[in-house]
Amino acid sequence: MERWDGKFGTGNLNAHFCMERAIHLAHQHGMGCSVLRNTNHWMRAGTYGWQAAEAGCIGICWTNTMPNTPPWGSKEKKVGNNPLVMAVPRAEGHIVLDFAMSQFSYGQLESYSTKGEVGARLNIGHGEPRVRK
């Protein structure tokens, strides 16, 4: 196991580096674990699961976040999005699960909101938007 301090650097570069270290350790010892602290947003979490699977390793990645999501029925942000990734390499095609606590991507909501398109862009189910402007 290795622990790394990201020194509040670029999150995706820190996360890529730490996954490379975990892969190296796994190839060397049968299992690798790399822990990262003091970093910034790692962008699309599934990237690091794919990185592990492409190297022939099972990947499990997660992070915690500050409260940025309201629990169901609330308007107050009380729950962190806390993404989790699980990846399994397979000859028939890798399985990579990338999920989080929120129903929608916070970044996409911000982007749509800025354009005034939130209701129209999140038209889910039977034509009824689930997020209102």
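For clarity, every value in this text was computed on a predicted model and none was experimentally measured.

## Some details on the confidence of the model for the protein chain
No. 1: Looking at the protein chain as a whole, its pLDDT mean stands at 85, while 87% of the residues score no less than 70.
No. 2: A low-confidence stretch, residues 123-133 stays under pLDDT 50, and its non-local contacts, those more than four residues away or across chains, total 15 contacts.

## Comments concerning the environment of Val35
No. 1: Note on placement: Val35 falls in strand β2 (residues 34-39).
No. 2: Note: C-alpha distance between Val35 and Ala15 (20 residues apart in sequence) is 9.4 Å.
No. 3: The residues touching Val35, leaving out its near neighbours within four places in the chain, are Met1, Glu2, Arg3 and Trp4.

## A short note on the pattern of salt bridges
No. 1: The final tally for this structure, using the stated rule, is four salt bridges.
No. 2: A salt bridge links Arg21 to Glu2, with the shortest nitrogen-to-oxygen separation between them at 2.5 Å. Taken together, the residues Arg21 in helix α1 (residues 11-29) and Glu2 in strand β1 (residues 2-9) connect sequence positions 19 residues apart.
No. 3: Exposure remark for Arg21: the relative accessible area of 21% places this residue in the partly exposed category.
No. 4: The shortest N-O distance in the salt bridge between Glu92 and Arg90 comes to 3.5 Å.
No. 5: The exposure class of Glu92 is exposed, given its relative accessible area of 63%.
No. 6: On the basis of relative accessibility, which here comes to 35%, the residue Arg90 falls in the partly exposed class.

## Notes on the pairing of strand β4 (residues 84-88)
No. 1: Every second residue of β4 is oriented toward a common face, the buried set being Val85 and Ala87 and the non-buried set Leu84, Met86 and Val88.
No. 2: In the sheet, strand β3 (residues 59-62) pairs with β4 via four bridges, with the strands oriented antiparallel. Of the residues in β4, the one forming a bridge with Gly59 is Ala87.
No. 3: In this sheet, strand β5 (residues 95-99) lies alongside β4 in antiparallel orientation, the contact comprising five bridges. When the bridges of β5 are listed, Met86 appears paired with Leu97.
No. 4: Linking β4 to β5, which pair antiparallel, is a turn of six residues; within it Gly93 sits at a positive phi near 120 degrees.

## Looking at the nonpolar core
When a protein is soluble and globular, its nonpolar side chains tend to lie buried together.
No. 1: Among the nonpolar cores identified, the biggest contains 15 residues, and Met19, Trp42, Tyr48, Cys57, Cys61 and Val85 are the most heavily contacted of them.
No. 2: Not counting residues within four places of it along the chain, the set of residues in contact with Cys61 comprises Met19, Trp42, Tyr48, Gly49, Pro83, Leu84 and Val85.

## Some points on helix α2 (residues 46-54)
No. 1: Along α2, the residues classified as buried are Gly46, Tyr48, Gly49, Gln51, Ala52 and Ala53.
No. 2: Against α1, β3, β4 and β5 lie the buried residues of α2.
No. 3: Residue Gly56 follows α2 closely and has a positive phi angle near 80 degrees.

What counts as what
- Residues numbered from 1 in each chain as written.
- Predicted model: local features only at pLDDT ≥ 70, side-chain atom pairs only at ≥ 80, totals over all residues.
- Heavy atoms only, no water.
- pLDDT = per-residue confidence, 0-100.
- Contact = heavy atoms within 4.5 Å.
- Helix = DSSP H or I, 4+ residues; strand = E, 2+ residues; numbered from the N terminus.
- Salt bridge = Lys/Arg side-chain N within 4 Å of Asp/Glu carboxyl O.
- Buried < 20%, exposed > 50% of the residue type's maximum accessible area, 1.4 Å probe, protein only.
- Pairing = 2+ DSSP bridges.
- Core = buried A, V, L, I, M, F, W, Y, C linked by side-chain atoms within 4.5 Å.

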